[in-house]
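Descriptive analysis of the structure
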Amino acid sequence: MSNQHSLTANPAPLGLCGFALTTWLLSLINNGTFGGENVGLVLAMGFAFGGLAQMLAGLFEFSKGNTFGFTAFTSYGAFWISFALFKVFFSEGVSHDFVGWYLIAWGTFTLMMFIGTLAKARALQAIFAALTITFYLLAAGDFTHNTTLTNIGGNFGLLTALLAFYLAAADIINDSFGREVLPVGNPKK
């Protein structure tokens, strides 16, 4: 976790913050706190911070040899860019069922990534577990047109964002202090 022996910075906090901030904003719409007319700001964040920042973090994870970080950050960066492009240019006439399948596909990808976290920090496991549930609940909301399921999915999205914020903070603070200040539940070696 500490970068004291590395000449390169840890790109994970950048990717986690891009993911967390964008997820937080969209989840406030999904849980019903704000209406869909506010989605424009989410889309801007989706392109800039959720998309671009995560893509950059993923590329830096690649250069560090971190297959999991590379796959996660570039994939979820692509998710945010695809979501923003869909909402801006392509959402006209797309059925709720097809959006549900889009969310099921991302939920299934996230489930695969969750399995990949089982040998990693507990905080990372919690993020991917909550995100898997979020995607499946949002998909169920689209399939059934049930706003209660979408609202619950939005609440799980807020939890996911908080967990990602925590791990980003732990990476930054623990690195700054050179010791574990915020525990992340690293597995025993």
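On a predicted model such as this, the values are computed, not experimentally measured, just so you know. (Residues numbered from 1 in each chain as written. Predicted model: local features only at pLDDT ≥ 70, side-chain atom pairs only at ≥ 80, totals over all residues. Heavy atoms only, no water.)

1. Details of helix α2 (residues 39-63)
In this model, α2 (25 residues) spans 34 Å end to end at C-alpha, consistent with the 36 Å of a helix rising 1.5 Å per residue. Within α2, the full set of buried residues consists of Val 42, Leu 43, Met 45, Gly 46, Gly 50, Gly 51, Ala 53, Gln 54, Ala 57, Gly 58 and Glu 61. The inward-facing, buried residues of α2 contact α1 (12-30) and α3 (67-90). Immediately beyond the C-terminal end of α2, within one or two residues, lies Gly 65, with a positive phi of roughly 80°. (Helix = DSSP H or I, 4+ residues; strand = E, 2+ residues; numbered from the N terminus. Expected span 1.5 Å × (residues − 1). Buried < 20%, exposed > 50% of the residue type's maximum accessible area, 1.4 Å probe, protein only. Contact = heavy atoms within 4.5 Å.)

2. Focus: a nonpolar patch on the surface
On the surface, a cluster of nonpolar side chains totalling about 470 Å² of accessible area is made up of Leu 14, Leu 52, Leu 56, Leu 59 and Phe 60. Tracing the sequence through the fold places Leu 52 in helix α2. (Patch = residues over 30% accessible without salt bridge, like charges linked within 9 Å, V, L, I, M, F, W, Y side chains within 5 Å. Areas by Shrake-Rupley, 256 points an atom, 1.4 Å probe, with all protein chains shown as cover. Salt bridge = Lys/Arg side-chain N within 4 Å of Asp/Glu carboxyl O.)

3. Some remarks on the UniProt feature "transmembrane region" (unreviewed entry) in the chain
Under the local residue numbering, the UniProt record ascribes the feature "transmembrane region" (unreviewed entry) to residues 12-29, 41-60, 67-86, 98-116, 123-140 and 152-169. Span residues 12-29 is 100% helix and 0% strand, its end C-alpha atoms 26 Å apart. Secondary structure within residues 67-86 divides into 100% helix and 0% strand; the distance between the first and last C-alpha atoms comes to 28 Å. (UniProt positions renumbered as here; feature names shortened; annotations may be inferred.)

4. Some details on the environment of Ala 121
Locating Ala 121 in the fold gives a position in the loop between α4 (96-117) and α5 (122-144). Along the backbone, Ala 121 and Phe 73 are 48 residues apart, and their C-alpha atoms lie at a distance of 17 Å. Setting aside chain neighbours within four positions, we find Ala 121 in contact with Val 184, Gly 185, Asn 186 and Pro 187.

5. Section: the side chain of Asn 31
In this fold, Asn 31 is placed in the loop between α1 and α2. For Asn 31, a relative accessible area of 14% puts it in the buried group. Only 3.0 Å separates the side chain of Asn 31 from the side chain of Asn 155, close enough to count as a polar contact. Filtering out sequence-adjacent residues up to four positions away, Asn 31 remains in contact with Asn 151, Gly 154, Asn 155 and Leu 158. (Polar contact = N/O pair within 3.5 Å; in protein donor to acceptor, adjacent residues only side chain to side chain.)

6. Considerations on α4
The terminal C-alpha atoms of α4 lie 31 Å apart, and with 22 residues this matches the ideal 32 Å at 1.5 Å per residue to within 8%. Regarding α4, the residues found buried are Val 99, Gly 100, Leu 103, Trp 106, Gly 107, Phe 109, Thr 110, Met 113 and Thr 117. Tucked into the core, α4 has its buried residues touching α3 and α5.

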